[in-house]
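Residue-level listing of the chains:
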Amino acid sequence: MKIKLMASCFLIGALLVPVVGYTADSDTDRSHPKAFVKDSVITTKIKSKLAAENLDSTMHIRVDTDSDGIVWLSGTAKTQAEIDKTVSIARGTEGVKSVENHIKIK
């Protein structure tokens, strides 16, 4: 029984090696895993704040954060007020150094 379990674990591990290698190479601009986690945390904070505001255009706005703490906003909004609120939320988030706004009015 132990041999079957060990063989199964070995097989699964061997099959996952290419997947791990692929994911490691998919984001080559990150110098360290901590940078990726930090950027993801900033993006998640902004998205959750936007969701809490119940803006109509939240579903149409994309939030990306680069390794330097610069947030890139893109997509569409219904009004300029929604764009201004989104930019304000992004700027007020901890860890954000600057915001690049590419949101357009629909």
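Everything discussed here concerns the structure shown above.
Cut-offs used in this document
Residues numbered from 1 in each chain as written. Predicted model: local features only at pLDDT ≥ 70, side-chain atom pairs only at ≥ 80, totals over all residues. Heavy atoms only, no water. Helix = DSSP H or I, 4+ residues; strand = E, 2+ residues; numbered from the N terminus. Buried < 20%, exposed > 50% of the residue type's maximum accessible area, 1.4 Å probe, protein only. Contact = heavy atoms within 4.5 Å. Areas by Shrake-Rupley, 256 points an atom, 1.4 Å probe, with all protein chains shown as cover. Pairing = 2+ DSSP bridges. Axes fitted to C-alpha atoms, helices over the stretch in contact; angles between N-to-C directions.

**Student:** Quick rundown of the overall build of the protein? Include the residues and the values.
**Tutor:** Counting its regular elements, the protein contains three helices and three strands. Along its sequence from the N terminus, the protein presents helices and strands in the succession α-α-β-β-α-β. Split into buried and exposed, the 106 residues of the protein put 25% on the buried side. For the protein, contacts bridging at least 24 residues in sequence account for 58% of all contacts bridging at least 6. About 7700 Å² of surface is accessible on the protein, with carbon and sulfur atoms providing 63% of the total.

**Student:** Requested: an account of the sheet that holds strand β2 (residues 70–77), with residues and values cited.
**Tutor:** Here we have three strands laid out as an open sheet, ordered β1-β2-β3, and mixed in their pairing. The strands lining the two open edges of the sheet, one partner per strand, are β1 (61–65) and β3 (98–105). The average undirected angle you get between the axes of adjacent strands in this sheet is 10°. Pairing between β1 and β2: five bridges, direction antiparallel. Residue pairing for β2: Val63 is matched across the bridge by Leu73. Contacting β1, β2 and β3, helix α3 (residues 80–91) runs over the sheet at an angle of about 160° to β3.

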